[in-house]
Amino acid sequence: MSGQIIRPYGDTTGDGRVQLSFTLPVPSGTARQRALAEGAALQLAGKMGLDPAMVVHAKAIGPDFTFFIVYGRVAHLVDLSAVMVAGREFELLAPAEVNLRIRAALGRRLVVIGATVGTDAHTVGIDAILNVKGHAGEKGLEYYREIKVINLGSQVDVADLAARAAAERADAVLVSQVVTQRDAHLHNTRALVAAFGPPGPGRPLLVVGGPRFDPAMAAGLGVDKIFGKGTTPREVASYLVHALCPPGGGTAGARAGTGARA
Amino acid sequence: MSKPADHAPAGPRQAGPAVPPRLGLDPALVGEARQLAAQAGQPIVDMARAHTTVSVERAVLRLAGLSGADADGMPLANRLVDAVREQVGLERGVALPAWDALLRGGYPDLAALALDAAAGKATFRVPAGDAARAARDAARRALAGGFARIDANRAAREAMIAQTSDPPKPWIYLIVATGDIREDIPQAQAAAREGADVIAVIRSTGQSLLDYVPEGATREGYAGTYATQENFRLMRAALDEVSRELGRYVRLTNYASGLCMPEIAALAALERLDMMLNDSMYGIIFRDINPRRTLIDQRFSRQVHARAGIIINTGEDNYLTTADAVDGAHTVIVSQLLNEFFGREAGLADAQLGLGHAFEINPELPDSFLLELAHALLVRELFPGAPLKYMPPTKHMTGNIFAGYLLDAFFNLAAVLTGQEILLVGMMTEGIHTPFLSDRDLALENVRYVRNAAGGLAGSLRPEPGGLIDRRARQVLDEAIRLLRTIRDQGLLSAIAEGTFGITRRPPDGGRGLDGVIAKADGYFNPASEILDGSTIQEGAAR
Ligand code: B12
């Protein structure tokens with residue numbers, strides 16, 4: 001079927017043109033060094049599948065490095081039918097529906113605890129999901145009548161978070177991680193999972209989010225769900241209902257052992 | 001485009017405002033704003049004078065030359081202060097009991113005493129009579145030694161500048177943040193060679209929350225490198241080397257905030273850092289440090305900066321990451337006026353007040369650039385003697401690095417047009433990662449182009465009287481004055497509690513570190529403050 005197989009588009013269908021920039025740890029002070037540096041850049045571009053490739057800009061950065069901008073043509077074909085997207089496995093609900101579903105399934109408010117853990121002090125992302133003010137024109141979870149939100153703020157120790165989650169009988173724990181340098185977000189997520197234990201009855205739903213998270217990593221990290229950049233509160237609310245409040249009532253709410261509360 | 005000759009040695013910097021005033025603000029209004037800030041700030045100064053903190057006391061010991069850590073890596077300054085606090089309390093300061101024990105025990109130095117104290121082998125008392133006099137004299141002598149080193153550093157800085165040159169303003173300010181001091185050093189030197197006048201080594205996440213300053217050279221920070229005395233020393237030495245090579249003095253910046261603000265200020269003074277981030281409220285709002293703790297700590301740390309000839313950078317720019325840059329513009333002005341009041345009170349000269357602000361208006365807003373110019377001009381004219389620190393767009397930087405590069409160019413243009421003096425270089429990858437080597441290089445190319453192409457335009461910008469820029473600047477000043485009145489009436493602590501700054505609420509008794517705040521008792525003795533209060537008076541008189 002035409003349209004399923006594509007190539008990058010520069011100015012003509014199928015021309016395969018792409019651009020790329022990178023730095024190599026090679027000098028380009030002398031003419032000979034420059035020639036070598038550009039050759040090195042072309043070799044890399046070639047190995048990356050750019051053929052032909054053209055170094056359109058090369059500039060020394062100090063005595064030891066050279067920066068390149070490269071344009072080239074890739075021969076690779078993209079088969080759209082083979083693209084895997086972690087499609088939204090849940091239906092997007094309006095706030096009223098979210099409230100209804102929670103009431104029907106749990107017969108009480110759904111309890112959510114949010115925090116930025118470890119030494120990360122960024123709160124704007126988690127606040128965008130939790131605060132009434134919300135994000136991208138959507139109200140945050142605090143706006144949902146049937147959701148009780150406890151926002152612990154930033155720099156929260158995972159052990160404290162786990163203790164608080166138990167005390168509040170939280171149904172879901174929402175954690176934000178914005179700093180990713182040296183995989184800080186992955187370390188902290190693993191620490192989070194270690195503090196809450198493996199998935200299963202009794203463990204609240206663990207949801208993490210942040211702009212540089214790969215949503216496909218949830219299972220590998222041992223959390224229930226990962227949200228990436230541009231997430232909106234409604235998506236999160238819909239997911240919580242999907243995971244905790246199956247249609248037609250059900251007892252998923254017993255997950256956190258909170259059946260006793262009115 | 002890269003022109004190494006860009007930094008031709010400049011003559012001595014001219015004093016006074018970088019550009020002539022152009023908004024023609026009403027001096028009576030400006031005077032009223034300052035007076036309100038003084039009234040709002042004075043109760044905080046009174047509180048700071050009546051209290052000490054564990055970090056202030058540790059800073060005293062560090063200024064007396066105590067360094068090093070025990071086998072667990074806990075600094076000796078912490079060990080000694082903790083032991084004194086446990087046995088006799090800190091209401092009269094650490095110095096009297098510490099030097100008394102030093103003399104009584106015949107210890108060769110404070111380190112030996114601290115090790116014994118950590119092992120539970122030292123006993124402390126608050127001496128009286130002759131013993132107190134002897135302890136005081138010994139403490140004063142030790143502190144005089146520390147301050148002699150700081151004064152010598154100040155002279156050495158002047159000598160280095162004379163030997164090399166002082167770069168023209170705006171100073172190009174670049175951040176390095178690898179987490180590893182060994183990586184930071186070549187990156188900082190490379191940045192200096194490419195034109196950076198100021199290198200800031202940003203700290204690791206979490207350092208603010210440590211109630212001690214780590215020891216030694218460190219290689220394991222997250223999104224920044226630990227501030228330690230040894231890291232300071234290594235980086236300053238590396239920048240001295242490159243300053244000589246370039247014939248231009250490259251300044252070094254670090255961060256005095258968090259629970260160890262006074263100690264980090266002391267270490268910066270001892271290792272000849274040149275600028276320090278030091279805000280009266282940043283730690284409260286963005287790290288959840290207890291408000292009282294920070295406000296007490298900032299006073300002492302600024303006194304140390306004043307003595308060391310260090311330029312402080314305040315953090316108002318950060319408010320605009322959590323608050324909207326248009327709605328919150330006046331909160332920046334209010335905070336700057338407070339920072340100015342606290343800074344001057346602590347003995348800082350205007351030339352040491354690098355008041356912060358930022359280019360953070362949503363670029364989709366119509367006339368956003370005009371509004372930015374209005375804000376930048378207002379700050380420039382309110383603080384003519386201060387070397388303003390202007391921060392690039394961060395919040396509205398997205399993954400679109402090309403659009404980001406354009407926005408940064410507009411920021412650079414606003415900076416040169418309005419005479420900002422410390423220009424933090426914006427990175428097109430701000431929304432993605434801590435900068436790559438090439439990000440920094442491209443950013444400097446951007447600055448060079450704008451400075452070269454439009455630097456001369458600065459004197460020509462005249463906002464039309466009654467036009468948008470002019471009206472907006474006046475409006476922000478009016479809003480600032482109104483807010484200052486409220487703060488004066490309700491008190492700064494309760495304004496902070498209500499989320500006035502950065503729409504973040506911080507109650508006076510919340511946050512970390514309140515347990516480290518101690519009310520001074522009669523007979524409180526602090527040999528560092530004796531010297532600093534003295535120099536405060538001198539500096540004040542000289543102004
Ligand atoms: C604002 C800001 C700050 C403010 C934070 C104020 C506050 N109270 O939050 C201040 C100035 C304090 C700050 C400090 C620092 N920052 Co900062 N900061 C930013 C900035 C400019 C914007 C971030 C932001 O607010 N985005 C807006 C929100 C709405 O977006 P978001 O976080 O992506 O959130 C959305 C989604 O990701 C998702 N989401 C996020 N969390 C969660 C959680 C859940 C459960 C769910 C479902 C969804 C979700 O939903 C949100 C809505 O769509 C970015 C640069 C940029 N343009 O992104 C740098 C940035 C994030 N900071 C950075 C750094 C390094 C720091 C510091 C560590 C620097 C230092 N060494 O001191 C310090 C922090 C110290 C610490 N202890 O953490 C780096 C991180 C680099 C990296 N990838 O590791 C960035 C990218 C800048 C850079 N290029 O260097 N910062």
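For the structure itself, consult the block above.
Residues numbered from 1 in each chain as written. Chains lettered and ligands numbered in written order. Predicted model: local features only at pLDDT ≥ 70, side-chain atom pairs only at ≥ 80, totals over all residues. Heavy atoms only, no water.

A. Geometry of the side chain of B:Asn446. Residue position: B:Asn446 is located in helix α16 (residues 437-454). A relative accessible area of 6% places B:Asn446 in the buried class. (Helix = DSSP H or I, 4+ residues; strand = E, 2+ residues; numbered from the N terminus. Buried < 20%, exposed > 50% of the residue type's maximum accessible area, 1.4 Å probe, protein only.)

B. Spatial organisation of empty space enclosed by the protein. Residue and element names in this part refer to chain B. For the structure shown, the criterion picks out five cavities of 30 Å³ or more. The volume enclosed by the largest cavity comes to roughly 90 Å³. Along the walls of the largest cavity sit Leu320, Ala325, Ala329, Val332, Ile333, His357, Ala358, His375, Leu378, Val379 and Val476, which together make up its complete lining. Put simply, the parts of the chain that give the lining of the largest cavity at least two residues each are α13 (329-345), β8 (356-358) and α14 (368-382). Its residues assigned to classes, the lining of the largest cavity comprises nine nonpolar, two polar and no charged. (1 Å grid on protein atoms, 1.4 Å probe; cavity = no way out; pocket = protein on both sides within 12 Å on 5 of 7 lines; lining within 4 Å. Points joined across faces, edges and corners; volume = space filled by probe spheres on them. Nonpolar A, V, L, I, M, F, W, Y, C, P; charged D, E, K, R; others polar.)

C. Region of the structure containing the interface of chain B and chain A. Taken together, the 30 residues of chain B in the interface contact 17 residues of chain A. Approximately 1900 Å² of surface area, both sides summed, lies buried where chain B meets chain A, with 53% of it carried by carbon and sulfur atoms. On the surface where chain B and chain A come into contact, there are two salt bridges. Across the pair B:Asp441 and A:Lys59 runs a salt bridge whose closest N-O atoms are separated by 2.6 Å. Our count for the contact surface shared by chain B and chain A stands at 12 residue pairs in polar contact (both at pLDDT 80 or more). Among the secondary structure elements, those contributing two or more residues to the side of chain B that touches chain A are α10 (282-287), α12 (319-322) and α16 of chain B. Looking at which element gives the most residues to the side of chain B that touches chain A, the answer is α16(B), with five residues. Looking at the side of chain B that touches chain A, its residues break down into nine nonpolar, 12 polar and nine charged. (Contact = heavy atoms within 4.5 Å. Buried area = accessible area lost by both parts, 1.4 Å probe. Salt bridge = Lys/Arg side-chain N within 4 Å of Asp/Glu carboxyl O. Polar contact = N/O pair within 3.5 Å; in protein donor to acceptor, adjacent residues only side chain to side chain.)

D. The arrangement of the packing of aromatic side chains in detail. All names here are of chain B. Under the defined criterion, the tally for this structure stands at 12 aromatic pairs over all chains. Summarising the aromatic geometry, the rings of Tyr390 and Phe411 are spaced 4.8 Å apart at their centres and angled 35 degrees between planes, so their arrangement reads as tilted. Remark: Phe411 occurs in helix α15 (residues 401-417) and Tyr390 occurs in strand β9 (residues 389-391); sequence separation between them is 21 residues. Like Tyr390, the residue Phe411 is buried in the burial classification. (Phe/Tyr/Trp six-rings, centres within 6.5 Å; stacked < 30°, edge-to-face > 60°.)

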